[in-house]
2 protein chains.
Amino acid sequence: MNETIETMLNHRSVRKFKDEKLTLEQIQVIVESAQMASTSSFIQAYSIIGVTDPEKKKKLAALAGGQDYVAESGHFFVFCADLYRHSLIGKWENTDVEDSITSMEKFMVSVIDASLAAQNAAVAAESMGLGICYIGGIRNHLDEVSELLETPSHVIPLFGLTVGVPDQETAVKPRMPFQSIYHENSYRYDEQVVKTELDEYDEAISAYYHGRTSGKRTDKWTGQMANMLEKKNRMYMKEFVEGKNFAKK
Amino acid sequence: MNETIETMLNHRSVRKFKDEKLTLEQIQVIVESAQMASTSSFIQAYSIIGVTDPEKKKKLAALAGGQDYVAESGHFFVFCADLYRHSLIGKWENTDVEDSITSMEKFMVSVIDASLAAQNAAVAAESMGLGICYIGGIRNHLDEVSELLETPSHVIPLFGLTVGVPDQETAVKPRMPFQSIYHENSYRYDEQVVKTELDEYDEAISAYYHGRTSGKRTDKWTGQMANMLEKKNRMYMKEFVEGKNFAKK
């Protein structure tokens, strides 16, 4: 196994950081790694906003649900789906790009582009011994986040990535078994097969929590998911996304 | 610079592969690396379908727009947004999860989850000396792709990833300058600033094509984007996505 794969298999989210800011060089290497991810037809439909202003970081931490480590990390990146440049290009080149850039297809392209870039950033940071945590919580209040970061139409902040020197030891969380996530040639949709596989996974997850909490927690994954998905969360999103001129047609 | 960052900065798409299949061990390491990517609230809202059946690979290559290297690669992975398991969990746990899993928010979660996983897979493959190319072309005909791979409701094949032993030397394509993709604290939306930055990038891209084609091509990036986005591509996507019970509300 090589160093790169070892870095990825060793991933765990870090939510407590030492009080050390990233250097400009570290930020540049992380962003350049992000940029070298694949991009659909070279469209590069994303932007990265680095938040260093302490007031803005505090506000973002609060908007993300009181996650203090957003403010207290070494650096906070926000990854955005971005077709704003492309809308300007349409204007400059006198070309009608509006139907295209407001389509569901190009929304998917920009979300995928931003995510591929972000994962390269995450792996680059971890390869340097830094810890990371994705912050989906910024989607709690995207209207306020957009205002704070002054993002125009055709731009949506998707998630944050907090990066810094780890100040805690966390454990690698066991993922679904290989055979549950990986299908060959056809999707295995048979309900009984899925049930049997997830029963097995539930046991592994229960054992994981049991071990980490001296028996206090024994949640199953399926139970966690049912509890989480029962809540109707961020149901404003469709209107927000369309309001930013994405996924309208 | 460490090996991992070197691997990422050295990325180029590979579209010609030697006739060597990936081993089961390679496939497993790639999938396990994918699985260790971050996932929103541990939801793991994606699946990976490995296509090995030669007939299916040929059909997928044709559906993706006649990209023969899809059929001729060492392995072809298809990454899917997947909330099918979660819909079953709702049923088993007698919990109403339908509003949640059909929301725009959870569509974004599953597209992001699948993309983070895919990028780990891509980096894992490249770290082993393999070449990769993402295949967005499967979105040309998602109805037929879904039928071929037998994906149920709540599952959308998003893109392919073709992996194999490279049989061509390709060049690293210059990305947008750091200052164009990276903003600090606020998004720089001033049109003149964006124009000046993209003019500079256009020159770099023209020089890149000029150098690689002995002066035959000198396209600018902005011109490429205007030409591409003028075409209304995959405009069926919104209806398709909603038909699969994603992003409906």
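Computed from a predicted model, the values in this text were never measured in an experiment.

Caption draft 1: Expanded view of the nonpolar core. Ranked by size, the top nonpolar core spans 164 residues in total, and within it Phe77(A), Phe107(A), Phe77(B) and Phe107(B) carry the most contacts. Not counting residues within four places of it along the chain, the set of residues in contact with Phe77(A) comprises Leu22(A), Ile27(A), Ile30(A), Val31(A), Ile48(A), Ile49(A), Phe159(A), Gly160(A), Leu161(A), Val163(A) and Tyr182(B). Of all hydrophobic cores here, the second largest spans 8 residues; its members include Ile5(A), Ile5(B), Met8(B) and Val123(B).

Caption draft 2: Representation of the sheet that holds strand S4 (residues 155-164) of chain A in the model. With mixed pairing, the 5 strands of this open sheet are ordered in space as S3(A)-S4(A)-S2(A)-S1(A)-S5(B). Looking at strand neighbours, the two that pair on one side only are strand S3 (131-135) of chain A together with strand S5 (182-184) of chain B, the edges of this open sheet. Averaged over all adjacent pairs, the angle separating strand axes in this sheet is 25°, with direction ignored. Where strand S1 (residues 46-51) of chain A meets S5(B), 3 bridges bridge the pair, whose relative direction is parallel. Along S5(B), the bridge assignment pairs Ile49(A) with His183(B). Across the sheet, helix H8 (residues 142-149) of chain A touches S1, strand S2 (75-82) and S4 of chain A, and the angle it forms with S4(A) is around 80°.

Caption draft 3: Focus on the UniProt feature "domain: Nitroreductase" (unreviewed entry) in chain A. Within this structure's numbering, the places UniProt gives as "domain: Nitroreductase" (unreviewed entry) are residues 10-164 of chain A. Along residues 10-164 of chain A the backbone is 46% helical and 19% strand, and the end-to-end C-alpha distance reaches 16 Å.

Caption draft 4: Spotlight on empty space enclosed by the protein. The full count for this structure, using the stated rule, is 3 cavities of 30 Å³ or more. If you add up the space inside the largest cavity, you get close to 60 Å³. The wall of the largest cavity is formed by Arg85(A), Ser180(B), His183(B), Tyr187(B), Arg188(B), Val194(B), Glu197(B) and Leu198(B). A total of 3 residues in the lining of the largest cavity trace back to one element, the largest contributor, which is helix H10 (residues 191-212) of chain B. When the residues that make up the lining of the largest cavity are grouped by side-chain class, the tally is 3 nonpolar, 2 polar and 3 charged.

Caption draft 5: Region of interest: the relation of the copies chain B and chain A. With an RMSD of 0.0 Å, the operation that places chain B on chain A is a rotation of 180° combined with a shift of 0.0 Å along the axis. In short, the pair behaves as if placed about a two-fold rotation axis. Taking C-alpha positions as the reference, the residue of chain B nearest the rotation axis is Thr4(B), at 2.5 Å. Most of the interface of chain B is mirrored in chain A: 100% of its interface residues are interface residues there too.

Caption draft 6: Representation of the packing of aromatic side chains within the structure. One pass over the structure, following the stated rule, counts 18 aromatic pairs over all chains. Centre to centre, the rings of Tyr84(A) and Tyr187(B) are 5.8 Å apart; their planes meet at 80°, and the pair counts as edge-to-face. Placement of the pair is Tyr84(A) in helix H5 (residues 84-92) and Tyr187(B) in the loop between S5 and H10, with the two residues belonging to separate chains. Tyr84(A) gets classed as buried once you look at its relative accessible area, which sits at 12%. Relative accessible area serves as the criterion here: at 4%, Tyr187(B) is assigned to the buried category. A centroid spacing of 5.4 Å and a plane angle of 70° characterise the contact between Tyr134(A) and Phe159(A), whose relative ring orientation is edge-to-face. Of this pair, Tyr134(A) sits in strand S3 while Phe159(A) is found in strand S4, placing the two residues 25 residues apart along the sequence. For Tyr134(A), a relative accessible area of 14% corresponds to the buried category.

So, how was this worked out
- Residues numbered from 1 in each chain as written.
- Chains lettered and ligands numbered in written order.
- Predicted model: local features only at pLDDT ≥ 70, side-chain atom pairs only at ≥ 80, totals over all residues.
- Heavy atoms only, no water.
- Core = buried A, V, L, I, M, F, W, Y, C linked by side-chain atoms within 4.5 Å.
- Buried < 20%, exposed > 50% of the residue type's maximum accessible area, 1.4 Å probe, protein only.
- Contact = heavy atoms within 4.5 Å.
- Pairing = 2+ DSSP bridges.
- Helix = DSSP H or I, 4+ residues; strand = E, 2+ residues; numbered from the N terminus.
- Axes fitted to C-alpha atoms, helices over the stretch in contact; angles between N-to-C directions.
- UniProt positions renumbered as here; feature names shortened; annotations may be inferred.
- 1 Å grid on protein atoms, 1.4 Å probe; cavity = no way out; pocket = protein on both sides within 12 Å on 5 of 7 lines; lining within 4 Å.
- Points joined across faces, edges and corners; volume = space filled by probe spheres on them.
- Nonpolar A, V, L, I, M, F, W, Y, C, P; charged D, E, K, R; others polar.
- Least-squares fit on C-alpha atoms with pLDDT ≥ 70 in both.
- Phe/Tyr/Trp six-rings, centres within 6.5 Å; stacked < 30°, edge-to-face > 60°.

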